[in-house]
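Spelled out, the chains give:
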Amino acid sequence: MTFVQIIDCKTSRVDDLSRLMDRWVEQTKGKRTATHSIVGKDRSDASHVVEIVEFPSYDVAMRNSQLPETDRIFREMVALCDEMPTFTDLDVVRDEALYKANARRLLEMIAGEPELALLDEVIAEGYHDHDPTNEQDVIGMDAVRREIRMWRDGFDFSFTVDDQIAEGDRVCTRWTWRGTHNGDFMGLQPTGMDVEMTGTVIHRFRDDGKIAEGWWQYDLLGLMGQLGAVEA
């Protein structure tokens, strides 16, 4: 479950605080596990500053807080504040922007994540996949990984996200897929051809931000035509 920490402080040295945050980002590069950070200033009180930091989970946030760089920056932040900052810890129960980001992240992982075991960071264990090119729906993490390996065995490929729309617990993503045919795919020997196709996928999300179901539509016939498997 995504975790958000809100840091609330009063300071007359807002610019110094902003520079301190820049230094924290620089010093923890490659170590920091925060995925998003926003600093805002109260319109009605210029000395009231709020920082909102997002992490993949509470445990990840706690590991981040244990970094020596984070501890040092925190002590410097306290020195800049007029009074002790307050902290609010929030478990995110709904975030449509997160849903869109996870839908995008799944496409990136399908194309490039070497450790497919990490798919469970964005896909629910009982994930149900609807793909009209398959005779049977793909259900469960192991089946998803087999499906991805089939595509990877045939192509080096990537996705470009062209458009996304989120409503409620569903995200629709319109994408373009581009690949190089360098392995066996559905009985077709590698041609070395560069090919592409377009498609869409609608994902249904659980409250914790993981994807529970997906409905795919894509131009497989057009792809097979590019590979010479069917007449244009």
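So, here is what we can say about the structure in this document. (Residues numbered from 1 in each chain as written. Predicted model: local features only at pLDDT ≥ 70, side-chain atom pairs only at ≥ 80, totals over all residues. Heavy atoms only, no water.)

A closer look at the overall build of the chain
A tally of regular secondary structure across the chain gives six helices and ten strands. The C-alpha radius of gyration computed for the chain amounts to 22 Å, which surpasses the reference 17 Å derived for 232 residues by more than 25%, pointing to a less compact arrangement than a globule. In terms of overall dimensions, the chain has a C-alpha envelope of 75 × 35 × 30 Å along the principal axes. Taking all 232 residues of the chain together, 39% fall into the buried category. Across the chain, contacts joining residues at least 24 apart in sequence account for 63% of those joining residues at least 6 apart. (Helix = DSSP H or I, 4+ residues; strand = E, 2+ residues; numbered from the N terminus. Rg over C-alpha atoms; globule rule 2.2 N^0.38 Å. Buried < 20%, exposed > 50% of the residue type's maximum accessible area, 1.4 Å probe, protein only. Contact = heavy atoms within 4.5 Å.)

Structural notes on the environment of Trp24
Relative to the helices and strands, Trp24 resides in helix α1 (residues 14-27). In this structure, the C-alpha to C-alpha distance between Trp24 and Val4, residues 20 residues apart in sequence, is 18 Å. Other than its neighbours up to four places away in sequence, Trp24 contacts Arg32, Glu51, Val53, Asn64, Glu69, Thr70 and Ile73.

Considering the environment of Ala229
Relative to the elements of secondary structure, Ala229 occurs in the segment after α6 (220-226). A residue is classified by how much of its surface remains accessible, and Ala229, at 36% relative accessible area, is partly exposed. Residues Ala229 and Gln5 lie 224 residues apart in sequence; the distance between their C-alpha atoms is 54 Å. If we skip the residues at most four places from it in the chain, Ala229 touches Leu188 and Met224.

What about the pairing of strand β1 (residues 3-10)?
Judged from the eight bridges that link them, β1 and strand β3 (residues 48-55) form a sheet pairing that is antiparallel. By the bridge assignment, Asp8 is partnered in β3 with Val50. In this structure, β1 lies alongside strand β4 (residues 86-91), joined through six bridges in antiparallel fashion. Residue pairing in the sheet places Gln5 in a bridge with Asp89 of β4. (Pairing = 2+ DSSP bridges.)

Focus: α1
The end-to-end C-alpha separation of α1 is 20 Å, in line with the 20 Å expected for 14 residues at 1.5 Å each. Along α1, the residues that are buried comprise Leu17, Leu20, Met21 and Trp24. End-on view of α1: buried residues confined to an arc of 100 degrees, all on one side of the axis. Facing away from the buried side of α1 by over 90 degrees, the exposed positions are Asp15, Asp22 and Glu26. Tucked inside the fold, the buried residues of α1 contact β1, β2 (36-41), β3, α2 (58-65) and α3 (68-80). (Expected span 1.5 Å × (residues − 1). Arc of directions from axis to C-beta.)

Here we look at the nonpolar core
Membership of the largest hydrophobic core comes to 34 residues, with the highest contact counts inside it found for Leu119, Trp151, Phe155, Trp177 and Leu223. Elements represented by at least two residues in this core include exactly α4 (96-112), β5 (123-130), α5 (141-154), β7 (155-167), β8 (170-181), β9 (194-205), β10 (211-218) and α6. With six residues, the single largest contributor to this core is α4. Apart from the residues within four sequence positions on either side, Trp177 is in contact with Trp151, Phe155, Phe157, Ser158, Phe159, Val195, Glu196, Met197 and Leu223. Among the nonpolar cores identified, the runner-up in size contains 16 residues, and Met21, Ala34, Ile73 and Leu80 belong to it. (Core = buried A, V, L, I, M, F, W, Y, C linked by side-chain atoms within 4.5 Å.)

Section: α4
Its 17 residues place the ends of α4 24 Å apart at the C-alpha level, agreeing with the 24 Å of an ideal helix rising 1.5 Å per residue. Considered for burial, the residues of α4 that qualify are Leu98, Tyr99, Asn102, Ala103, Leu106, Leu107, Met109 and Ile110.

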